[in-house]
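# What the coordinates show
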Protein chains: 2
Amino acid sequence: MDVREALLEAATKVFAEFGLRGATTRRIAQAAGVNEVTLFRHFKSKDELFQAALETFARRSQTRALPDVPLHPRQELLEWCRTQYRDLYKHRSLIRKAMAEQEEHPAHCALGMEASVRIAEQLSTYITALRQAGLASGDWDVRAATNMLLGAIFADAMGRDTMPERYPYNMRDAIEHYVDLLLNAIGAMAPAKPARGRTA
Amino acid sequence: MDVREALLEAATKVFAEFGLRGATTRRIAQAAGVNEVTLFRHFKSKDELFQAALETFARRSQTRALPDVPLHPRQELLEWCRTQYRDLYKHRSLIRKAMAEQEEHPAHCALGMEASVRIAEQLSTYITALRQAGLASGDWDVRAATNMLLGAIFADAMGRDTMPERYPYNMRDAIEHYVDLLLNAIGAMAPAKPARGRTA
DNA sequence: GTGGCAAGCAAGTAGTTACTTGCACACAGA
DNA sequence: TCTGTGTGCAAGTAACTACTTGCTTGCCAC
C-alpha cells in the first residue's frame, strides 16, 4: 500500500522537524501528499500512526558489526565509528526530538534507547577483546572507555551543525581524532597508528 | 516584584517538563500559583515571557574557571569537570528540550550555545597550556581532545537517567574515568595519577 | 457497463490554545 | 476616607487541534 508508506515516512519526517506536539495530522497529511481524512482511514489515531512510524523506522536501521576477533583495531574502529556517526548525524533532528519527548512518552523512544544500548555493548565487547588479545593495556574501565568514544561521537553529531566553532575539523577527521585519542587512552596505539608528522 | 519572578521560574520549569509547545500559559500560571490573566499583565505574550525567562536563567549560571597555569592537571580537571557535570545533569530536562527546539527557535537557545562554546574554549586553553608546560605530549588535536572529554560528560549527563545499563559506575567515578582516559590519551598521566591496583 | 474500493472534498464536533475584556475585591499610601 | 494598584474571576474571541460524517469521483476487475 503506497499511501500508508508515504504517511509513515511523512510522520517521521514531520516529527523530526516539529516534535510530537508540532507534528499535527494536517502537516503530516500535507507532507505525504494526501488528504487529512485519508490519514484517519489508515490509522485509527495520531498515536497509532506514530507507533507504527517509529517501529518501521527502527526496523529499517541496520547494524554494522565489529569483528569478534580484532585484527586491525584502528581500521576496524574507524569504519565502525564512521557508520555510527553517519547514522547519528543523518537522524540528528529526529534524535533531538526523541530525547526531548522521552520523559513524556517513554514508550515511543524505547526502541531508540535499546538500539543505543546494543551499540554500546558491541563496542564494549570489542574493547574487552582488545584487552584480552593483548592489544590494549592499562588501568581503565571498559564501559567508561566505550562511553567516552560513543559520547564524543554523539555530542559531535548533535552539536556540529549548531556550534560549528566548536568543531573546526571536518567530520571525517573527527572520527579519526576520537578513535586515535581512545586508542592512546587504552594503551592500544603502538602497532596500528601510522605517523602523522608531529609525533612526540 | 514577587509575582514576576515566580512566573519566570515557573516558565523555565514547565518548559523543561513539557517543551515550548507543551508549556501552555495555563500550566505556567498554575505552576506560579497565579491567575492566567496575571501572566498576560506582566508579559505581553508567551514569547516575551520565555525570552525573559531564558535570559534570567542564563544570567544566573555561574562559571567556574580553570587555572591559567596548570599545576595539578588531574585534580584541577576533576574539580572543573565535576562542576560542569553537575550543571548539565541538574538541567538535563531543560537542555534536552532546548536542543529539540533550537531548529525552530534558534534565538531562544543562542545563550545556551554560547555558554557551551565558552566552556569548550576554556578547556581548550587549559589543554594547550598543559602541552606548552610539557605536562602533555603526543600527536593529537587540542579541539578534538576537548570535545572528547566534554562529549563524554555531556552524553553521560543526558543519557544516564534513561539508559542506566550503559552507565554501571556512579556519577563521581564517571568523571574520574573520563578525566583519566583523557589524560592517558594526551600523554599526561605519568606524574599525577595515583595507582589504582591493576595498573599494567 | 456495473460493482466495489480507495481516495478527495466540504463541513462539522468538541476541546484546547493564546490572549482580551469587564468587573469585583483587597490592600497601601495620601 | 479616597484612590490607585495589583490581583482574581467569569466570560468571550479566533484560531487550531484530533477526529467524524456524508457525499462525490476515479479506477480496476468482471
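The coordinates are above.
Read on for an overview of the structure. (Residues numbered from 1 in each chain as written. Chains lettered and ligands numbered in written order. Predicted model: local features only at pLDDT ≥ 70, side-chain atom pairs only at ≥ 80, totals over all residues. Heavy atoms only, no water.)

### What about the overall build of chain A?
Note the following rule: What counts as a helix is a DSSP run of H or I of at least four residues, what counts as a strand is a run of E of at least two, and both are numbered from the N terminus. The cut-offs for exposure are 20% and 50% of the maximum accessible area for each residue type, with area from a 1.4 Å probe on protein chains only; residues under the lower value are buried, those over the upper are exposed, and the others partly exposed. Contacts are residue-level and defined by heavy atoms, with any inter-residue pair within 4.5 Å sufficient. Areas reported here follow the Shrake-Rupley algorithm with a probe of radius 1.4 Å; residue values treat only the protein chains shown as occluding.
Regarding its fold elements, chain A presents 9 helices and 0 strands. Put simply, chain A runs from its N terminus to its C terminus through helices and strands in the order α-α-α-α-α-α-α-α-α. Over its C-alpha atoms, taken along the principal directions, chain A stretches across nearly 65 × 35 × 30 Å. Each of the 200 residues in chain A was classed as buried or not, and the buried ones make up 50%. Of the contacts made within chain A by residues no fewer than 6 positions apart, 65% connect residues no fewer than 24 positions apart. Counting every atom, chain A has about 9,600 Å² of accessible surface; 52% of that belongs to carbon and sulfur.

### Concerning the relation of the copies chain A and chain B
So the rule is basically this: When the copies are superposed, the least-squares fit draws on C-alpha atoms of residues that have pLDDT of at least 70 in both.
The transformation that overlays chain A on chain B combines an axial shift of 0.0 Å with a rotation of 180°, and the residual RMSD is 0.1 Å. Those values place the two copies in the arrangement expected of a two-fold rotation axis. If distances are taken from each C-alpha of chain A to the rotation axis, the shortest is found for A:A185, at 2.0 Å. When the interface residues of chain A are mapped onto chain B, 100% of them are again interface residues, pointing to one common binding face.

### Some remarks on the pattern of salt bridges
Worth spelling out the cut-off: Every case where a carboxyl oxygen of Asp or Glu lies within 4 Å of a side-chain nitrogen of Lys or Arg is listed as a salt bridge.
Inspection of every chain in the model, using the stated rule, returns 22 salt bridges over all chains. Here A:R74 ties to A:D180 by a salt bridge, and the two come within 2.5 Å at their closest N and O atoms. Of this pair, A:R74 sits in helix α5 (residues 73-90) while A:D180 is found in helix α9 (residues 171-185), placing the two residues 106 residues apart along the sequence. There is no split in this pair, since A:R74 and A:D180 are both buried. B:R96 is the salt-bridge partner of A:E103, the closest N and O atoms lying 3.4 Å from each other. Here the residue A:E103 occupies a position in the loop between α6 (92-101) and α7 (106-132), and B:R96 occupies one in helix α6 (residues 92-101), the pair thus bridging two chains. For A:E103, a relative accessible area of 35% gives the class partly exposed. One connected set of salt bridges, linked through shared partners, spans A:R92, A:R96, A:K97, A:D161 and B:E103.

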